[in-house]
Amino acid sequence: MSYKQKTFLYAFIVLVLFAVGIVVLEQNREKQIKTEALESTLDGYTKIIHNYLKQNKLIPENVDSLHAIMPLFPNGIRVTIVEESGKVIFDNDFVDYQSLENHKDRPEIKKASIKVYGSNIRNSITTHTEYLYFARHYENYFIRVALPYDIQVKDFLKSDNMFLYFILFLFAIVIVALHFLLNRFGKSISQLRDFVASAQNSTTIATDISFPDDELGKIAHHVVSVYKQAEENKKQIDLEREKLLQHFHHSEEGLCFFTKEKKKVYANTHFIQLMNLIVDKPTFNPEDIFESEPFEEIRKYLENPSEETLFTTKILKDGRHFNVQVYVFEDGSFEVTITNITKAEKNRLIKQEMTNNIAHELRTPITSVRGFLETMMEKEDIPEEKRRSFLEKAYSQILRLTELIQDISLITKTEEAPDRFKIEKVRLDPLLKELKGDMEQTFSQHHISTHINVPESVEVSGNTTLLYSIFRNLMENSVRHGGDNIEIFINNYNEDSEYYYFSYYDTGKGVPEEHLNRLFERFYRINEGRTRDTGGSGLGLSIVKNAILFHKGKIVAKNHSKGGLEFLFTLKKHQ
């Protein structure tokens, strides 16, 4: 049912009830007035009878003398005299009125005994005729006058229908006017309802809705305008919200928002992962952090907030470092951020250690060069042969210093600016042959022979300079620490769809097992076995590892079964 039909039905029912109520009230009032007028007439009859009885002193012996005045009253009227005890002492319709039953319980007599007069319409128990009774209490008796309740009396008491016709006429006019008004308002309501239905069903909403030019139409226009603006704002907010959620989801930080009551609003997966690295028992409920001992400082801060809205603390758990930050918003809700700073902390320690090692490594050649120069400056009579020896040693230390600076620069570049290295197709066979030729004199001095088993078809996607440095540093490591009269083997022992697998080993001295995992650390020294004071920057194997990682490969070190140190590593194929 439409709004117009519903409203018309409700209004029609209300108007009908109102009209019926008015008509019923008016007719009852009119009937009451006519009844009161008729009762007033009957009351006049009782007064005439009372005056006649009083003047002629007919009570109680000569009551029958009332028959003399009965012709003065309308035909059919019934007059009854009743004592206070209810005994009938006169009734003009009965000769043997003394045989009539007691009238004390008659409704009109009861009313008259209380209010002086009373009336009632009922059937007579005696005559079985319907009467309009009227009784009045006079001194010690009642005078009751009864008028037959026939068609004539009913017509007299019947209400005038003119008022009813007038009400029906007004009712018709109101219904027509209501229909006209509802047509105007119904159109606006119907269009507004369709608009709301379209909005609820997320269907396309027309932008050219035309409402009637009335007050409701203006309100509807305003509602549609506000809704469109709200929809635009909602789309913008949803877009920004989606961007924010994507940012939160892909953020490397663990983010979780809580209400003032510490109830979770949103948490990304990183928050759950990092939280489980800190808490003792696995959990998927972010609210558990408030019951976990490692987050004790966070809980204390939230229980006793200060004016500072930002609180930061660090947590160390199982060798991992975490930075935990709480930011409290104006409404009391707050954000908890967990960041795994283990790598950053390790890098900080590594850089600190590297700085100390660089300072130590630089100190030795600089001190030597300074000593040689100071000696030559202070002693002018130094023999030429000794002076030349000092210069050669100073030059050697400067070369060592230069090599150290170059190696440090290469490591820094591979770690912090790898995009500066050009990637291209590199064939390893000619590169290894070139390297073997460059180191031929060094190999000859230490009686070292090389055996290279790398097919000509091996092509690697990488940087020529870095690939060259991988194999050169491995060879120089064998020369410095493997000893004389050794052999070096380079083999391409396997391949798959993405990688080549290489083995590099020498037949020199091996390395104690406890040192194998630390060989690639910067400036790491072994106090026995392969260590010899033969120069070098101490960064060779670190450069090897960084260069292989640059080429998407991996490297491990182990002692070879035939003695010496072996390196197993992979290099990505050229696709």
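Everything quoted here is computed from the prediction, not taken from an experiment.

**Q** Give me the packing of aromatic side chains: which residues, what numbers.
**A** Under the definition given, this model contains 16 aromatic pairs. Seen from their ring centres, Tyr327 and Phe329 are 5.3 Å apart, and the 70° between their planes marks the pair as edge-to-face. A relative accessible area of 35% places Tyr327 in the partly exposed class. On the numbers, 5.5 Å between centres and 20° between planes, the contact of Phe502 with Phe569 is stacked. A residue pair is termed long-range when its members are at least 10 positions apart, and Phe502 in strand S15 (residues 499-506) and Phe569 in strand S17 (residues 565-572) qualify at 67 residues. Given the relative accessible area of 0%, Phe502 is considered buried.

**Q** Before we move on, could you go through the pattern of salt bridges and cite the residues and values that matter?
**A** The full count for this structure, using the stated rule, is 15 salt bridges. Between Arg144 and Glu108 there is a salt bridge whose closest N-O contact spans 2.9 Å. Note that Arg144 is positioned in strand S5 (residues 141-148) and Glu108 in helix H2 (residues 107-115), a separation of 36 residues in sequence. The same class applies to Arg144 and to Glu108, which are both buried. Across the pair Lys572 and Glu498 runs a salt bridge, and its minimum N-O distance is 3.5 Å. Here Glu498 lies in the loop between strand S14 (487-495) and S15 and Lys572 lies in strand S17, a separation of 74 residues in the sequence. Its relative accessible area of 25% is what places Lys572 among the partly exposed residues. Salt bridges here are not isolated pairs; linked through shared partners, they connect Asp43, Lys47 and Arg136.

**Q** Go over the pairing of strand S16 (residues 555-559), please, and point to the residues and values.
**A** In terms of strand pairing, S16 meets S17 through 5 bridges, oriented antiparallel. Paired with Asn559 across the two strands is Leu565, which belongs to S17. Counted between consecutive antiparallel strands, the loop separating S16 from S17 contains 5 residues, among which Gly563 sits at a positive phi close to 95°.

**Q** Go over the sheet that holds strand S3 (residues 117-123), please, and point to the residues and values.
**A** Sheet architecture is open: 5 strands sit in the order S2-S1-S5-S4-S3, paired in antiparallel fashion. If you trace the sheet from one side to the other, it starts and ends with strand S2 (88-91) and S3, each paired once. The average angle at which neighbouring strand axes cross in this sheet is 20°, direction not considered.

**Q** Quick rundown of the nonpolar core? Include the residues and the values.
**A** Leu428, Ile470, Phe471, Phe567, Phe569 and Leu571 are the most contacted members of the largest nonpolar core, which totals 44 residues. Elements supplying a minimum of two residues to this core: helix H10 (428-438), helix H12 (464-481), S14, S15, helix H13 (540-550), S16 and S17. Take this core: its biggest share by element is 8 residues, from H12. Beyond its immediate stretch of four places on either side in the chain, Phe567 contacts Leu474, Asn477, Phe502, Ser503, Tyr504, Phe520, Leu541, Ile555, Val556 and Ala557. Among the nonpolar cores identified, the runner-up in size contains 24 residues, and Leu42, Ile77, Phe134 and Val145 belong to it.

**Q** Residues and numbers for the side chain of Thr283, please.
**A** Within the secondary structure, Thr283 is located in the loop between helix H6 (269-278) and helix H7 (296-303). A polar side-chain atom of Thr283 sits 2.4 Å from a polar atom in the side chain of Asp288. The contact partners of Thr283, leaving out residues within four places of it in the chain, are Ile272, Met275, Asn276 and Asp288.

**Q** Give me the side chain of Ser333: which residues, what numbers.
**A** Note that Ser333 resides in the loop between strand S9 (320-328) and strand S10 (334-340). Ser333 gets classed as buried once you look at its relative accessible area, which sits at 15%. Looking at Ser333, its side chain comes within polar contact range of the side chain of Asp331, at 2.6 Å. With sequence-adjacent residues up to four places away left out, Ser333 is seen in contact with Phe258, Thr259, Lys260, Tyr327 and Val328.

**Q** Describe the packing of H10 against H12, listing the residues and the values that go with them.
**A** At a minimum axis separation of 10 Å, H10 and H12 run at an interaxial angle of 50°. As the angle between them shows, H10 and H12 are arranged oblique. Along this stretch, H10 crosses H12, giving a crossing that reads as right-handed. Residue-level inspection shows Leu428, Leu431, Leu432, Leu435 and Asp438 of H10 in contact with H12, the latter providing Thr464, Leu467, Tyr468, Phe471, Arg472 and Met475. Tallied by class, residues from the contact of H10 with H12 come to 8 nonpolar, 1 polar and 2 charged.

**Q** Which residues make up the environment of Glu513, and what values do they have?
**A** Its place among the elements puts Glu513 in the loop between S15 and H13. On the accessibility criterion, Glu513 (55% relative accessible area) is exposed. Taking the C-alpha atoms as reference, Glu513 lies 10.0 Å from Ala557; in sequence the two are 44 residues apart.

**Q** Would you mind going over the environment of Lys111 in detail, with residue names and values included?
**A** Within the fold, Lys111 resides in helix H2. The class for Lys111 is partly exposed, based on a relative accessible area of 39%. Not counting the four nearest positions on each side in its chain, Lys111 is found in contact with Val116, Tyr117, Gly118 and Ser119. Within polar-contact distance, the side chain of Lys111 engages the backbone oxygen of Ser119 at 3.0 Å.

Conventions used here
Just so you know, the residues in each chain are numbered from 1, in the order the chain's sequence is written. pLDDT decides what is reported in this predicted model: residues at 70 or higher carry local features, side-chain atom pairs at 80 or more are listed and counted, and totals for whole chains, interfaces and linings draw on all residues regardless. With hydrogens and water stripped out, all remaining heavy atoms of the structure feed into the side-chain values. The aromatic pairing rule takes the rings of Phe, Tyr and Trp, using the six-membered ring of Trp, and pairs them if the centres are within 6.5 Å, calling planes under 30 degrees apart stacked, those over 60 edge-to-face and the rest tilted. Only protein chains enter the area calculation, which uses a 1.4 Å probe; residues under 20% of their type maximum are buried, those over 50% are exposed, and those in between are partly exposed. For the purposes of this entry, the term helix denotes a DSSP run of H or I that reaches at least four residues, the term strand denotes a run of E that reaches at least two, and both are numbered from the N terminus. Within this document, salt bridges are pairs made up of a side-chain nitrogen of Lys or Arg and a carboxyl oxygen of Asp or Glu, the two lying within 4 Å of each other. Pairing between strands is defined by DSSP: at least two bridges between them are needed. All axes here are fitted lines through C-alpha atoms, helices being fitted over the stretch that makes contact, and every angle between N-to-C directions spans 0 to 180 degrees. Only buried residues count toward a nonpolar core. Its members are Ala, Val, Leu, Ile, Met, Phe, Trp, Tyr and Cys residues joined through side-chain atoms within 4.5 Å. What makes two residues a contact is simply this: any of their non-hydrogen atoms within 4.5 Å. For this analysis, a polar contact is any N or O atom pair within 3.5 Å, provided that within protein one partner can donate a hydrogen and the other can accept it, and provided that sequence-adjacent residues contribute only side-chain to side-chain pairs. Geometric relationships in this document are graded by angle, where less than 35 degrees denotes roughly parallel, more than 145 denotes roughly antiparallel, 65 to 115 denotes roughly perpendicular, and other angles denote oblique. By definition, any crossing whose near helix is turned counterclockwise from its far helix by less than a right angle is left-handed, and any crossing with a clockwise turn is right-handed. For this classification, Asp, Glu, Lys and Arg are treated as charged, while Ala, Val, Leu, Ile, Met, Phe, Trp, Tyr, Cys and Pro are nonpolar and the rest, including Gly, are polar.

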